[in-house]
Amino acid sequence: MAHDHAHDGDDHHDHGHAHGHAHGAAGATERRIFWAMVLTAGFMVAEIVGGMVAGSLALIAEGGHMLADAASLGLAFASIRIARRPADFARSYGYHRMEVLAAFVNGLVLLALVLWIAIEAIRRLFAPIEVRGGLMLAIACAGLVVMLISFVILSGGDRTSLNLRGALLHVLSDVLGAVAAIVAALVIAMTSWMPIDPILSLVAALLLVRSGWMLVRRSAHVLLEGTPEGVDLQQLRAGLTEAVPALKDIHHVHAWSLTAGKPLLTLHGTIREGTEGETVLKDVKRHLDVVGFGHSVVQLERDCPDDDHH
């Protein structure tokens, strides 16, 4: 008769210490995103009104960027606050995924803005509009200064946060938009060649396509429970088998991320006859902790009760 030994465990060593660090990092990131949001929202009105008065698509597009970015930064700010809420029976893992969801939405908004600017720029190429270069230049320069300040504020935050990466990309899009508007204003002031305004708006928008797509792809990968980046499950199984000779077989291996920097793992392991389950479990957990899985659930057995695990 087979004797199954199932052990489920989770490493909690230094949990409070790690939680304190995570809370402090989240708080610092939250403050940085808040001030970037305030700066972006504050200058947005000047960009849109100035663009309408000057007749510049580059400025109006930049104002539209700022409107979407202020909303996205607000979403990122709110998601970080919500993510700090403790786990409950309805959300056993807590609310950490709000950060990833906000990053996903931010990426989609960024791609939608790129599409809108591209369509409007093409329309302007066929029907150029008179642009007041001097006013456009003054507003664009002021906008560049504001966005550079926001970029510096955000750059000091937690780079592992998908939310912060999304916020940085939005602010970077504003920096590119402001640079495009400045160049367009200088060309218009010196040559009166109006097509430069939509052309540079289009260039700035196209530069953001790859970044926006990467943000959507990475956040969607987390939301779809994809294997964490940099984790090779085949290599992990081989390394675990080598590190713990008492394991005869490893199966039902599942790895995913709660959010960026928080990988989770579950697995079944068949142990050899004559080995002690508790000892094998400690060895397995120790190895998983070393390779980056501080949170894992391990089931050890003599025979797997689940069919077709191979």
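Now for a description of the structure that goes with this document. Given the structure is predicted, the values throughout are model-derived calculations rather than measurements.

## What to know about empty space enclosed by the protein
Per the counting criterion, the structure on display carries two cavities of 30 Å³ or more. Considered as a void within the structure, the second largest cavity measures approximately 40 Å³ in volume. R124, P128, I129, V131, M194, D197 and P198 are the residues that line the second largest cavity. For the lining of the second largest cavity, the class distribution of residues is five nonpolar, no polar and two charged.

## Overview of the packing of aromatic side chains
For the structure on display, the rule yields two aromatic pairs. Grouping aromatic residues by their ring pairs yields a cluster made of F34, W35 and F77. Sitting over the face of the ring of Y95, R85 holds its NZ or CZ atom 4.5 Å from the ring centroid.

## Let's talk about the nonpolar core
I33, L59, L73, M136, M147, L154 and I188 are the most contacted members of the largest nonpolar core, which has 36 residues in total. Within the residue set of this core, elements represented by two or more residues are α1 (15-54), α2 (57-83), α4 (133-155), α5 (162-191) and α6 (196-206). With 12 residues, α5 is the single largest residue contributor to this core. Grouped together as the second largest cluster of nonpolar side chains are 18 residues, L247, I250, A255 and I271 included.

## A few points about the packing of helix α8 (residues 233-243) against helix α9 (residues 277-290)
Two packed helices can be described by the angle between their axes and the distance between those axes. The contact between α8 and α9 brings their axes to 10 Å, and the two run at 135°. Put simply, α8 runs oblique to α9. Where α8 crosses over α9, the handedness of that crossing is right-handed. Between α8 and α9, the contacting residues are L236, G239, L240 and A243 on the first element and V284, H287 and L288 on the second.

## Comments concerning the pairing of strand β2 (residues 263-271)
For β2, a buried count of seven out of nine residues is recorded, marking the element as mostly surrounded by other parts of the structure. A loop of five residues connects strand β1 (residues 247-257) with β2, the two strands running antiparallel in sequence, and G261 in this loop sits at a positive phi of about 85°. In this structure, β2 lies alongside strand β3 (residues 295-301), joined through seven bridges in parallel fashion. Within β3, the residue paired with L267 across the bridge is V298. Handedness of the crossover is the feature at issue here: the chain leaves β2, passes through α9, returns alongside β3, and the resulting connection is right-handed.

## Notes on unusual backbone geometry
Not every positive phi belongs to a glycine, and E225 is a case in point at roughly 60°. Structurally, E225 can be placed in the loop between α7 (209-223) and α8. Judged by its relative accessible area of 42%, E225 is partly exposed. Positive phi, normally seen in glycine, also occurs at H252, with a value near 50°. Turning to its location among the elements, H252 is positioned in strand β1.

So, how was this worked out
- The residue numbers shown here count from 1 along each chain, following its written sequence.
- Per-residue local features are limited, in this predicted model, to residues with pLDDT of at least 70; the limit for side-chain atom pairs, both in listing and counting, is 80 or more; totals at the level of whole chains, interfaces and linings are taken over all residues.
- As a rule here, side-chain values cover all heavy atoms of the structure and leave hydrogens and water aside.
- In this analysis, the protein atoms alone were mapped onto a 1 Å grid. Cavities are point sets where a 1.4 Å probe fits without being able to get out; pockets are open sets with protein on both sides within 12 Å along at least five of seven lines; lining residues have an atom within 4 Å of a point.
- Grid points are joined across faces, edges and corners, and a volume is the space filled by probe spheres set on the points.
- For this classification, the nonpolar set comprises Ala, Val, Leu, Ile, Met, Phe, Trp, Tyr, Cys and Pro, the charged set comprises Asp, Glu, Lys and Arg, and every other residue, Gly included, is treated as polar.
- We call Phe, Tyr and Trp rings a pair once their centres come within 6.5 Å, taking the six-membered ring for Trp, and we label the pair stacked below 30 degrees between planes, edge-to-face above 60, and tilted otherwise.
- Charges are assigned to positions over rings by a cutoff of 6 Å between ring centre and Lys NZ or Arg CZ, combined with an angular limit of 35 degrees from the ring normal.
- Nonpolar cores are built from buried Ala, Val, Leu, Ile, Met, Phe, Trp, Tyr and Cys residues. Side-chain atoms within 4.5 Å join them into one set.
- For every residue, the accessible area (1.4 Å probe, protein chains only) is compared with the maximum for its type, and the residue is labelled buried under 20%, exposed over 50%, or partly exposed between those bounds.
- Runs of H or I in DSSP of at least four residues are treated as helices and runs of E of at least two as strands, each being numbered from the N terminus.
- The axes used here are C-alpha line fits, helices contributing only the stretch in contact, and every angle between their N-to-C directions lies in the interval 0 to 180 degrees.
- The scheme is simple: roughly parallel for angles under 35 degrees, roughly antiparallel for over 145, roughly perpendicular for 65 to 115, oblique for anything else.
- Less than a right angle of anticlockwise turn of the near helix away from the far helix marks a crossing as left-handed, whereas a clockwise turn marks it as right-handed.
- Contacts between residues were defined by any pair of non-hydrogen atoms, one from each residue, lying within 4.5 Å.
- Paired strands are those between which DSSP finds at least two bridges.
- Think of it like this: strands point away, you trace from the first strand over the helix to the second, and a clockwise trace means the crossover is right-handed.

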